[in-house]
Amino acid sequence: MDLFEYQGKQYFARFGIAVSPGDVADTVDEAVAVAERIGYPVVVKAQVKVGGRGKAGGVKLAANVDEVRTHAGNILGLDIKGHVVRRLWIERSSDIAKEYYASFTLDRPNKTHLGMLSAQGGVEIEVVAEENPDAIAFLSIDPVRGLDLATARRWVNEAELDEAAREQTAELLVKLYDCYTTGDCDLAEINPLILTPDNKVHALDAKVTLDDNASFRHPEWEEFRVNETEDPREIMAKEKGLNYIGLDGTVGIIANGAGLAMSTLDVVNQVGGTAANFLDIGGGANADVMAAALEVISADPKVKAIFVNIFGGITRVDEVAKGVIEALSRVSISSPIVLRLDGTNAVEGRAILAPHLNAALITEPTMLDAARRVVALANA
Ligand code: GDP
Ligand code: MN
(Lines give C-alpha, C1' and ligand atoms only; values in the text may rest on other atoms or scores of the structure.)
(Ligands and ions follow the chains in the order given, each with its own letter.)
Protein backbone atom coordinates (compact mmCIF):
# COMPACT_ATOMS: atom_id res chain seq x y z
CA MET A 1 0.00 0.00 0.00
CA ASP A 2 1.31 3.41 -0.96
CA LEU A 3 0.76 6.18 1.56
CA PHE A 4 -0.12 9.77 0.89
CA GLU A 5 2.64 12.22 1.84
CA TYR A 6 0.77 13.31 4.97
CA GLN A 7 0.36 9.70 6.07
CA GLY A 8 4.01 9.01 5.36
CA LYS A 9 4.94 11.98 7.54
CA GLN A 10 2.68 10.73 10.31
CA TYR A 11 4.41 7.38 10.03
CA PHE A 12 7.87 9.00 10.09
CA ALA A 13 6.90 11.00 13.18
CA ARG A 14 6.16 7.77 15.07
CA PHE A 15 9.79 6.83 14.58
CA GLY A 16 11.11 10.19 15.73
CA ILE A 17 11.87 11.65 12.31
CA ALA A 18 11.49 15.43 12.18
CA VAL A 19 8.68 16.72 9.93
CA SER A 20 6.97 20.12 9.71
CA PRO A 21 3.83 20.84 11.73
CA GLY A 22 0.73 20.71 9.55
CA ASP A 23 -2.68 19.23 8.92
CA VAL A 24 -4.91 17.98 6.12
CA ALA A 25 -7.67 20.01 4.45
CA ASP A 26 -10.36 18.89 2.01
CA THR A 27 -11.78 22.35 1.28
CA VAL A 28 -10.45 25.89 0.84
CA ASP A 29 -11.99 26.91 4.16
CA GLU A 30 -10.34 24.03 5.95
CA ALA A 31 -7.03 24.98 4.34
CA VAL A 32 -7.40 28.52 5.66
CA ALA A 33 -8.26 27.25 9.13
CA VAL A 34 -5.15 25.06 9.20
CA ALA A 35 -2.93 27.88 7.94
CA GLU A 36 -4.28 30.30 10.56
CA ARG A 37 -3.62 27.73 13.25
CA ILE A 38 -0.04 26.82 12.29
CA GLY A 39 1.04 30.30 11.19
CA TYR A 40 2.43 31.78 7.95
CA PRO A 41 4.14 31.21 5.64
CA VAL A 42 2.74 27.79 4.80
CA VAL A 43 3.08 25.31 1.95
CA VAL A 44 -0.09 24.07 0.28
CA LYS A 45 0.53 20.55 -1.02
CA ALA A 46 -1.59 18.31 -3.23
CA GLN A 47 -2.09 14.86 -1.72
CA VAL A 48 -1.93 12.41 -4.60
CA LYS A 49 -0.02 9.16 -4.78
CA VAL A 50 2.26 10.24 -7.59
CA GLY A 51 5.56 12.09 -7.68
CA GLY A 52 6.40 15.35 -9.40
CA ARG A 53 3.64 17.32 -7.71
CA GLY A 54 5.87 20.37 -7.46
CA LYS A 55 6.43 20.56 -11.21
CA ALA A 56 2.72 19.98 -11.87
CA GLY A 57 1.73 23.01 -9.78
CA GLY A 58 0.63 20.94 -6.81
CA VAL A 59 3.03 22.50 -4.26
CA LYS A 60 2.72 26.25 -3.54
CA LEU A 61 4.02 28.59 -0.87
CA ALA A 62 1.47 30.93 0.70
CA ALA A 63 2.47 33.96 2.76
CA ASN A 64 -1.02 35.00 3.84
CA VAL A 65 -4.66 34.01 3.92
CA ASP A 66 -5.39 35.26 0.39
CA GLU A 67 -2.59 33.19 -1.06
CA VAL A 68 -3.83 30.13 0.82
CA ARG A 69 -7.29 30.66 -0.68
CA THR A 70 -5.90 31.07 -4.18
CA HIS A 71 -3.55 28.10 -4.06
CA ALA A 72 -5.94 25.77 -2.23
CA GLY A 73 -8.66 26.66 -4.76
CA ASN A 74 -6.35 26.00 -7.69
CA ILE A 75 -4.85 22.77 -6.37
CA LEU A 76 -8.10 21.10 -5.22
CA GLY A 77 -9.50 19.36 -8.28
CA LEU A 78 -6.21 19.63 -10.17
CA ASP A 79 -5.40 16.59 -12.26
CA ILE A 80 -1.82 15.45 -11.66
CA LYS A 81 -0.88 12.63 -14.01
CA GLY A 82 -4.41 11.26 -13.88
CA HIS A 83 -4.78 11.69 -10.12
CA VAL A 84 -7.39 14.27 -9.13
CA VAL A 85 -6.51 16.19 -5.96
CA ARG A 86 -9.17 15.75 -3.26
CA ARG A 87 -7.07 16.51 -0.22
CA LEU A 88 -4.38 19.01 0.72
CA TRP A 89 -1.63 18.94 3.28
CA ILE A 90 -0.87 22.36 4.72
CA GLU A 91 2.39 22.66 6.62
CA ARG A 92 4.60 25.36 8.02
CA SER A 93 6.95 26.48 5.28
CA SER A 94 10.63 25.71 5.75
CA ASP A 95 13.58 27.76 4.58
CA ILE A 96 15.86 25.63 2.50
CA ALA A 97 19.65 25.85 2.36
CA LYS A 98 20.24 22.42 0.81
CA GLU A 99 18.10 19.62 -0.60
CA TYR A 100 19.26 16.02 -0.15
CA TYR A 101 17.84 12.63 -0.98
CA ALA A 102 17.56 9.57 1.28
CA SER A 103 15.79 6.26 0.87
CA PHE A 104 15.67 2.62 1.85
CA THR A 105 14.26 -0.08 -0.32
CA LEU A 106 14.65 -3.79 -1.02
CA ASP A 107 17.50 -5.12 -3.08
CA ARG A 108 15.80 -8.37 -3.99
CA PRO A 109 18.53 -10.02 -6.12
CA ASN A 110 21.10 -9.49 -3.37
CA LYS A 111 18.72 -10.31 -0.50
CA THR A 112 19.70 -7.12 1.29
CA HIS A 113 18.29 -3.69 1.93
CA LEU A 114 19.52 -0.85 -0.20
CA GLY A 115 20.10 2.64 1.13
CA MET A 116 20.51 5.55 -1.25
CA LEU A 117 21.81 8.91 -0.14
CA SER A 118 22.63 11.96 -2.21
CA ALA A 119 23.63 15.56 -1.67
CA GLN A 120 21.66 16.31 -4.83
CA GLY A 121 18.04 16.02 -3.74
CA GLY A 122 14.89 17.82 -4.75
CA VAL A 123 14.99 16.40 -8.25
CA GLU A 124 13.88 12.91 -9.19
CA ILE A 125 16.49 10.36 -8.16
CA GLU A 126 16.15 8.63 -11.54
CA VAL A 127 17.41 11.84 -13.13
CA VAL A 128 20.38 12.02 -10.75
CA ALA A 129 21.11 8.34 -11.39
CA GLU A 130 21.10 9.01 -15.11
CA GLU A 131 23.01 12.27 -15.28
CA ASN A 132 25.30 12.07 -12.31
CA PRO A 133 25.42 8.52 -10.91
CA ASP A 134 28.46 9.28 -8.74
CA ALA A 135 26.32 11.71 -6.75
CA ILE A 136 24.45 8.81 -5.15
CA ALA A 137 26.06 6.91 -2.27
CA PHE A 138 24.66 3.40 -2.17
CA LEU A 139 24.70 1.34 0.99
CA SER A 140 23.97 -2.35 1.02
CA ILE A 141 22.57 -3.36 4.42
CA ASP A 142 22.53 -6.90 5.73
CA PRO A 143 19.02 -7.26 7.21
CA VAL A 144 20.36 -9.32 10.11
CA ARG A 145 23.01 -6.77 11.10
CA GLY A 146 20.93 -3.67 10.41
CA LEU A 147 22.24 -0.12 10.29
CA ASP A 148 24.20 1.33 13.20
CA LEU A 149 25.14 4.94 13.79
CA ALA A 150 28.82 4.40 12.99
CA THR A 151 27.95 3.02 9.56
CA ALA A 152 25.45 5.84 8.97
CA ARG A 153 28.19 8.37 9.81
CA ARG A 154 30.56 6.84 7.26
CA TRP A 155 27.71 6.86 4.75
CA VAL A 156 26.92 10.58 5.12
CA ASN A 157 30.62 11.34 4.75
CA GLU A 158 30.79 9.28 1.61
CA ALA A 159 27.74 11.12 0.21
CA GLU A 160 29.56 14.39 0.97
CA LEU A 161 26.65 16.05 2.70
CA ASP A 162 27.39 19.48 4.12
CA GLU A 163 29.37 19.30 7.34
CA ALA A 164 26.54 20.93 9.33
CA ALA A 165 24.08 18.25 8.21
CA ARG A 166 26.17 15.14 8.75
CA GLU A 167 25.56 14.16 12.38
CA GLN A 168 21.84 14.96 12.29
CA THR A 169 21.44 13.10 9.02
CA ALA A 170 23.27 10.04 10.33
CA GLU A 171 20.90 9.96 13.31
CA LEU A 172 17.91 10.49 11.04
CA LEU A 173 19.00 7.66 8.75
CA VAL A 174 19.10 5.23 11.67
CA LYS A 175 15.54 6.27 12.55
CA LEU A 176 14.43 6.03 8.93
CA TYR A 177 15.94 2.54 8.75
CA ASP A 178 14.02 1.63 11.90
CA CYS A 179 10.83 2.96 10.30
CA TYR A 180 11.58 1.02 7.15
CA THR A 181 12.25 -2.31 8.92
CA THR A 182 10.20 -2.22 12.16
CA GLY A 183 7.53 -0.32 10.27
CA ASP A 184 7.48 -2.95 7.50
CA CYS A 185 7.97 -0.66 4.52
CA ASP A 186 8.97 -1.73 1.03
CA LEU A 187 10.11 1.82 0.43
CA ALA A 188 10.82 4.77 2.70
CA GLU A 189 12.00 7.80 0.75
CA ILE A 190 12.65 11.42 1.68
CA ASN A 191 13.11 13.80 -1.23
CA PRO A 192 13.98 16.43 -0.38
CA LEU A 193 15.59 15.92 2.97
CA ILE A 194 16.60 19.49 3.76
CA LEU A 195 19.20 21.42 5.65
CA THR A 196 17.73 24.74 6.83
CA PRO A 197 19.75 27.99 7.01
CA ASP A 198 19.85 27.55 10.79
CA ASN A 199 21.33 24.07 10.33
CA LYS A 200 18.38 21.81 11.05
CA VAL A 201 17.89 18.59 9.10
CA HIS A 202 14.33 17.85 8.29
CA ALA A 203 12.07 15.69 6.02
CA LEU A 204 10.17 17.88 3.56
CA ASP A 205 8.51 15.07 1.63
CA ALA A 206 7.62 11.45 2.43
CA LYS A 207 7.12 8.56 0.08
CA VAL A 208 6.25 5.35 1.88
CA THR A 209 5.12 2.01 0.53
CA LEU A 210 3.94 -0.40 3.21
CA ASP A 211 4.48 -4.11 2.75
CA ASP A 212 0.94 -5.50 2.53
CA ASN A 213 2.22 -8.95 3.52
CA ALA A 214 2.95 -7.52 6.96
CA SER A 215 -0.46 -5.93 7.48
CA PHE A 216 -1.48 -8.73 9.86
CA ARG A 217 0.88 -7.31 12.47
CA HIS A 218 -0.16 -3.70 11.89
CA PRO A 219 -3.81 -3.19 12.83
CA GLU A 220 -2.95 0.53 13.02
CA TRP A 221 -2.53 0.61 9.23
CA GLU A 222 -6.32 0.49 8.87
CA GLU A 223 -6.45 4.24 9.43
CA PHE A 224 -4.33 4.72 6.30
CA ARG A 225 -6.96 3.07 4.13
CA VAL A 226 -8.93 6.23 3.55
CA ASN A 227 -9.96 8.22 0.53
CA GLU A 228 -8.63 5.53 -1.77
CA THR A 229 -11.58 5.74 -4.08
CA GLU A 230 -14.66 7.80 -4.74
CA ASP A 231 -16.44 5.09 -6.69
CA PRO A 232 -19.32 3.83 -4.49
CA ARG A 233 -19.10 0.44 -6.20
CA GLU A 234 -15.43 0.15 -5.24
CA ILE A 235 -16.16 1.24 -1.68
CA MET A 236 -18.86 -1.44 -1.40
CA ALA A 237 -16.54 -4.05 -2.95
CA LYS A 238 -13.74 -3.13 -0.56
CA GLU A 239 -16.08 -3.49 2.42
CA LYS A 240 -16.85 -6.98 1.20
CA GLY A 241 -13.18 -7.77 0.72
CA LEU A 242 -13.42 -8.15 -3.07
CA ASN A 243 -10.73 -7.41 -5.62
CA TYR A 244 -12.90 -5.10 -7.77
CA ILE A 245 -12.23 -2.23 -10.12
CA GLY A 246 -15.15 -0.28 -11.56
CA LEU A 247 -15.28 0.38 -15.31
CA ASP A 248 -17.83 2.07 -17.57
CA GLY A 249 -19.42 -0.75 -19.56
CA THR A 250 -22.58 -2.84 -19.29
CA VAL A 251 -21.30 -6.39 -18.77
CA GLY A 252 -20.63 -7.28 -15.15
CA ILE A 253 -17.71 -9.69 -14.86
CA ILE A 254 -16.88 -12.27 -12.21
CA ALA A 255 -13.86 -14.50 -12.79
CA ASN A 256 -11.46 -16.49 -10.66
CA GLY A 257 -7.87 -15.33 -10.98
CA ALA A 258 -6.65 -11.96 -12.16
CA GLY A 259 -5.37 -13.37 -15.45
CA LEU A 260 -8.68 -14.97 -16.32
CA ALA A 261 -10.54 -11.82 -15.27
CA MET A 262 -8.40 -9.74 -17.65
CA SER A 263 -8.85 -12.24 -20.47
CA THR A 264 -12.59 -12.10 -19.86
CA LEU A 265 -12.53 -8.33 -20.28
CA ASP A 266 -10.63 -8.77 -23.55
CA VAL A 267 -13.01 -11.37 -24.92
CA VAL A 268 -16.06 -9.30 -24.01
CA ASN A 269 -14.50 -6.35 -25.84
CA GLN A 270 -13.55 -8.50 -28.78
CA VAL A 271 -17.15 -9.55 -29.38
CA GLY A 272 -18.45 -6.00 -29.17
CA GLY A 273 -19.28 -5.60 -25.50
CA THR A 274 -17.97 -3.37 -22.73
CA ALA A 275 -17.02 -4.51 -19.25
CA ALA A 276 -18.64 -2.84 -16.23
CA ASN A 277 -15.86 -3.97 -13.95
CA PHE A 278 -12.88 -6.14 -13.21
CA LEU A 279 -13.55 -8.62 -10.43
CA ASP A 280 -11.29 -11.47 -9.40
CA ILE A 281 -12.94 -13.65 -6.76
CA GLY A 282 -9.71 -15.55 -6.24
CA GLY A 283 -9.48 -19.18 -5.25
CA GLY A 284 -12.18 -19.43 -2.63
CA ALA A 285 -15.26 -19.05 -4.80
CA ASN A 286 -17.75 -20.15 -2.16
CA ALA A 287 -21.32 -18.94 -1.70
CA ASP A 288 -20.35 -16.00 0.49
CA VAL A 289 -17.86 -14.69 -2.03
CA MET A 290 -20.21 -15.29 -4.94
CA ALA A 291 -23.11 -13.59 -3.15
CA ALA A 292 -20.92 -10.60 -2.34
CA ALA A 293 -19.69 -10.42 -5.93
CA LEU A 294 -23.19 -10.62 -7.39
CA GLU A 295 -24.42 -8.02 -4.94
CA VAL A 296 -21.72 -5.52 -5.83
CA ILE A 297 -22.16 -6.04 -9.55
CA SER A 298 -25.93 -5.84 -9.55
CA ALA A 299 -25.83 -2.65 -7.48
CA ASP A 300 -24.32 -0.99 -10.56
CA PRO A 301 -27.24 0.46 -12.57
CA LYS A 302 -25.23 0.31 -15.80
CA VAL A 303 -24.93 -3.47 -15.66
CA LYS A 304 -27.27 -5.17 -18.17
CA ALA A 305 -25.91 -8.72 -18.02
CA ILE A 306 -23.43 -10.67 -15.88
CA PHE A 307 -20.70 -13.00 -17.07
CA VAL A 308 -19.43 -15.54 -14.52
CA ASN A 309 -16.28 -17.09 -15.93
CA ILE A 310 -14.74 -19.80 -13.76
CA PHE A 311 -11.94 -22.14 -14.62
CA GLY A 312 -11.63 -24.66 -11.84
CA GLY A 313 -8.13 -25.56 -10.78
CA ILE A 314 -7.79 -25.85 -7.05
CA THR A 315 -11.20 -24.19 -7.02
CA ARG A 316 -13.77 -26.93 -7.69
CA VAL A 317 -16.48 -26.06 -10.18
CA ASP A 318 -19.14 -28.03 -8.24
CA GLU A 319 -18.41 -25.83 -5.20
CA VAL A 320 -18.73 -22.74 -7.38
CA ALA A 321 -22.04 -23.98 -8.80
CA LYS A 322 -23.38 -24.54 -5.28
CA GLY A 323 -22.13 -21.08 -4.39
CA VAL A 324 -23.96 -19.50 -7.32
CA ILE A 325 -27.25 -21.18 -6.44
CA GLU A 326 -26.99 -20.35 -2.77
CA ALA A 327 -26.01 -16.77 -3.61
CA LEU A 328 -29.02 -16.41 -5.88
CA SER A 329 -31.29 -17.56 -3.08
CA ARG A 330 -29.86 -14.78 -0.89
CA VAL A 331 -29.65 -11.81 -3.23
CA SER A 332 -32.09 -10.97 -5.97
CA ILE A 333 -30.41 -10.15 -9.26
CA SER A 334 -32.24 -8.29 -11.99
CA SER A 335 -29.73 -8.90 -14.80
CA PRO A 336 -29.39 -12.20 -16.67
CA ILE A 337 -26.34 -14.29 -15.76
CA VAL A 338 -24.28 -16.27 -18.24
CA LEU A 339 -21.95 -18.87 -16.77
CA ARG A 340 -18.97 -20.55 -18.27
CA LEU A 341 -17.75 -23.24 -15.93
CA ASP A 342 -14.80 -25.37 -16.84
CA GLY A 343 -11.97 -27.27 -15.20
CA THR A 344 -11.96 -29.41 -12.07
CA ASN A 345 -15.36 -31.08 -11.49
CA ALA A 346 -16.99 -29.12 -14.33
CA VAL A 347 -19.35 -31.98 -15.18
CA GLU A 348 -20.55 -32.20 -11.58
CA GLY A 349 -20.90 -28.42 -11.46
CA ARG A 350 -23.02 -28.23 -14.58
CA ALA A 351 -25.21 -31.05 -13.25
CA ILE A 352 -25.83 -29.07 -10.07
CA LEU A 353 -26.84 -26.02 -12.09
CA ALA A 354 -28.97 -27.85 -14.67
CA PRO A 355 -32.26 -27.81 -12.75
CA HIS A 356 -31.89 -24.09 -12.04
CA LEU A 357 -31.26 -22.87 -15.58
CA ASN A 358 -33.74 -20.51 -17.19
CA ALA A 359 -33.76 -17.40 -19.40
CA ALA A 360 -31.93 -15.45 -16.70
CA LEU A 361 -29.42 -18.16 -15.75
CA ILE A 362 -27.64 -19.60 -18.74
CA THR A 363 -24.55 -21.75 -19.22
CA GLU A 364 -22.34 -21.82 -22.28
CA PRO A 365 -19.64 -24.39 -23.01
CA THR A 366 -16.79 -22.02 -23.90
CA MET A 367 -15.54 -18.61 -22.90
CA LEU A 368 -16.16 -17.24 -26.40
CA ASP A 369 -19.71 -18.62 -26.58
CA ALA A 370 -20.47 -17.17 -23.17
CA ALA A 371 -18.99 -13.80 -24.14
CA ARG A 372 -21.15 -13.66 -27.27
CA ARG A 373 -24.26 -14.62 -25.33
CA VAL A 374 -23.71 -12.14 -22.51
CA VAL A 375 -22.91 -9.29 -24.91
CA ALA A 376 -26.04 -10.06 -26.93
CA LEU A 377 -28.07 -9.88 -23.71
CA ALA A 378 -26.37 -6.67 -22.58
CA ASN A 379 -26.90 -5.00 -25.95
CA ALA A 380 -30.48 -6.21 -26.37
P1 GDP B 1 7.06 16.40 -5.18
O2 GDP B 1 7.31 17.38 -6.28
O3 GDP B 1 5.81 15.61 -5.42
O4 GDP B 1 8.23 15.52 -4.89
O5 GDP B 1 6.77 17.28 -3.86
P6 GDP B 1 7.76 17.80 -2.71
O7 GDP B 1 7.09 17.66 -1.42
O8 GDP B 1 9.09 17.16 -2.81
O9 GDP B 1 7.88 19.35 -3.06
C10 GDP B 1 8.43 19.78 -4.26
C11 GDP B 1 9.40 20.92 -4.03
O12 GDP B 1 8.70 22.01 -3.43
C13 GDP B 1 10.53 20.59 -3.08
O14 GDP B 1 11.60 19.96 -3.72
C15 GDP B 1 10.89 21.95 -2.56
O16 GDP B 1 11.82 22.56 -3.47
C17 GDP B 1 9.59 22.72 -2.61
N18 GDP B 1 9.06 22.83 -1.25
C19 GDP B 1 8.30 21.94 -0.58
N20 GDP B 1 8.08 22.35 0.67
C21 GDP B 1 8.70 23.52 0.81
C22 GDP B 1 8.87 24.46 1.91
O23 GDP B 1 8.40 24.27 3.03
N24 GDP B 1 9.58 25.57 1.65
C25 GDP B 1 10.15 25.83 0.44
N26 GDP B 1 10.84 26.94 0.29
N27 GDP B 1 10.04 24.99 -0.60
C28 GDP B 1 9.32 23.85 -0.42
MN1 MN C 1 9.46 15.15 -3.36
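Residues numbered from 1 in each chain as written. Chains lettered and ligands numbered in written order. Predicted model: local features only at pLDDT ≥ 70, side-chain atom pairs only at ≥ 80, totals over all residues. Heavy atoms only, no water.

Q: Sorry if this is basic, but what is going on with the environment of K304 here?
A: Along the chain, K304 turns up in the loop between α9 (287-298) and β16 (305-312). In the structure, K304 is positioned 26 residues away from R330 in sequence and 20 Å away in space, judged by C-alpha atoms. With near-sequence residues (within four places) excluded, K304 lies in contact with T250, S335, P336 and A378. At a separation of 3.4 Å, a polar atom in the side chain of K304 contacts the main-chain carbonyl oxygen of P301. (Helix = DSSP H or I, 4+ residues; strand = E, 2+ residues; numbered from the N terminus. Contact = heavy atoms within 4.5 Å. Polar contact = N/O pair within 3.5 Å; in protein donor to acceptor, adjacent residues only side chain to side chain.)

Q: What is the right way to read the site of ligand 1 from this model?
A: Taken together, 16 residues lie around ligand 1, and K45, R53, G54, S94 and E99 are the ones closest in. In the model, an oxygen atom of ligand 1 is placed 2.7 Å from a nitrogen or oxygen of the R53 side chain. At 3.1 Å from an oxygen atom of ligand 1 is found a side-chain nitrogen or oxygen belonging to D205. Protein chains shield 79% of the accessible area of ligand 1, which is 560 Å² for the free molecule. Secondary-structure elements contributing two or more residues to the shell around ligand 1 are β2 (42-46), β3 (59-62) and β10 (185-195). A breakdown of the residues in the shell around ligand 1 according to their chemical character gives six nonpolar, six polar and four charged. (Near = heavy atom within 4 Å. Areas by Shrake-Rupley, 256 points an atom, 1.4 Å probe, with all protein chains shown as cover. Nonpolar A, V, L, I, M, F, W, Y, C, P; charged D, E, K, R; others polar.)

Q: Explain the pairing of strand β8 (residues 112-118) here, please?
A: Residues in a regular strand project their side chains so that they alternate between the two faces of the sheet. Counting buried positions along β8 yields seven of seven residues, so the element is predominantly enclosed. Relative to β8, strand β7 (residues 98-107) runs antiparallel, the two being bridged by seven bridges. Residue S103 lies in a different strand from β8, and its bridge partner there is M116. Here β7 hands over to β8 after four residues, with K111 in that stretch at a positive phi of 55 degrees. Of the pairings in the sheet, the one linking β8 to strand β9 (residues 136-141) comprises six bridges and is antiparallel in character. From the neighbouring strand, S118 faces β9, where its bridge partner is I136. (Buried < 20%, exposed > 50% of the residue type's maximum accessible area, 1.4 Å probe, protein only. Pairing = 2+ DSSP bridges.)

Q: Honestly, the pattern of salt bridges in this entry has me stumped. Any pointers?
A: Working definition: two side chains of opposite charge can pair if their charged atoms are close together. Under the criterion given, the structure shown has 24 salt bridges. The salt bridge involving E223 is made with R14; its shortest N-O contact spans 3.2 Å. Of the two residues, E223 sits in the loop between β12 (207-210) and α7 (232-239) while R14 sits in helix α1 (residues 5-14), which places them 209 residues apart along the sequence. Between D26 and R87 there is a salt bridge, with its nearest N and O atoms 2.8 Å apart. Remark: R87 occurs in the loop between β5 (83-84) and β6 (88-92) and D26 occurs in the loop between β1 (22-25) and α2 (28-38); sequence separation between them is 61 residues. Residue class for D26 comes out partly exposed when judged on its relative accessible area of 31%. When its relative accessible area of 16% is taken as the criterion, R87 is described as buried. (Salt bridge = Lys/Arg side-chain N within 4 Å of Asp/Glu carboxyl O.)

Q: Help me understand the sheet that holds β2 in this model?
A: What holds strands together in a sheet is hydrogen bonding between their backbones, with the strands either parallel or antiparallel. Sheet architecture is open: four strands sit in the order β1-β6-β2-β3, paired in antiparallel fashion. Sheet topology places β1 and β3 at the edges, where each strand pairs with a single neighbour. Pairs of neighbouring strands in the sheet enclose a mean axial angle of 20 degrees, with direction left out of account. Judged from the four bridges that link them, β1 and β6 form a sheet pairing that is antiparallel. Following the sheet pairing, V24 is matched in β6 by W89. (Axes fitted to C-alpha atoms, helices over the stretch in contact; angles between N-to-C directions.)

Q: Explanation requested: the domain arrangement of the protein chain in the structure shown.
A: You'll often see interface size given as the accessible area lost when the parts meet. By domain assignment, the protein chain separates into domain 1 (21-92), domain 2 (98-222) and domain 3 (232-379). Placing the centre of domain 1 and that of domain 3 at their C-alpha centroids yields a distance of 42 Å. (Domains from an automatic or database assignment.)

Q: Looking at this structure, how should I read the state of the cysteines?
A: Think of a disulfide as a covalent bridge from one cysteine sulfur atom to another cysteine sulfur atom. Considering all chains together, one arrives at zero disulfides under this definition. Cysteine C179 remains unbridged, with the sulfur of C185 as its closest cysteine sulfur at 4.3 Å. By relative accessible area, which is 0% here, C179 ends up buried. Looking at C185, the relative accessible area reads 6%, which means it is buried. (Disulfide = S-S within 2.5 Å.)

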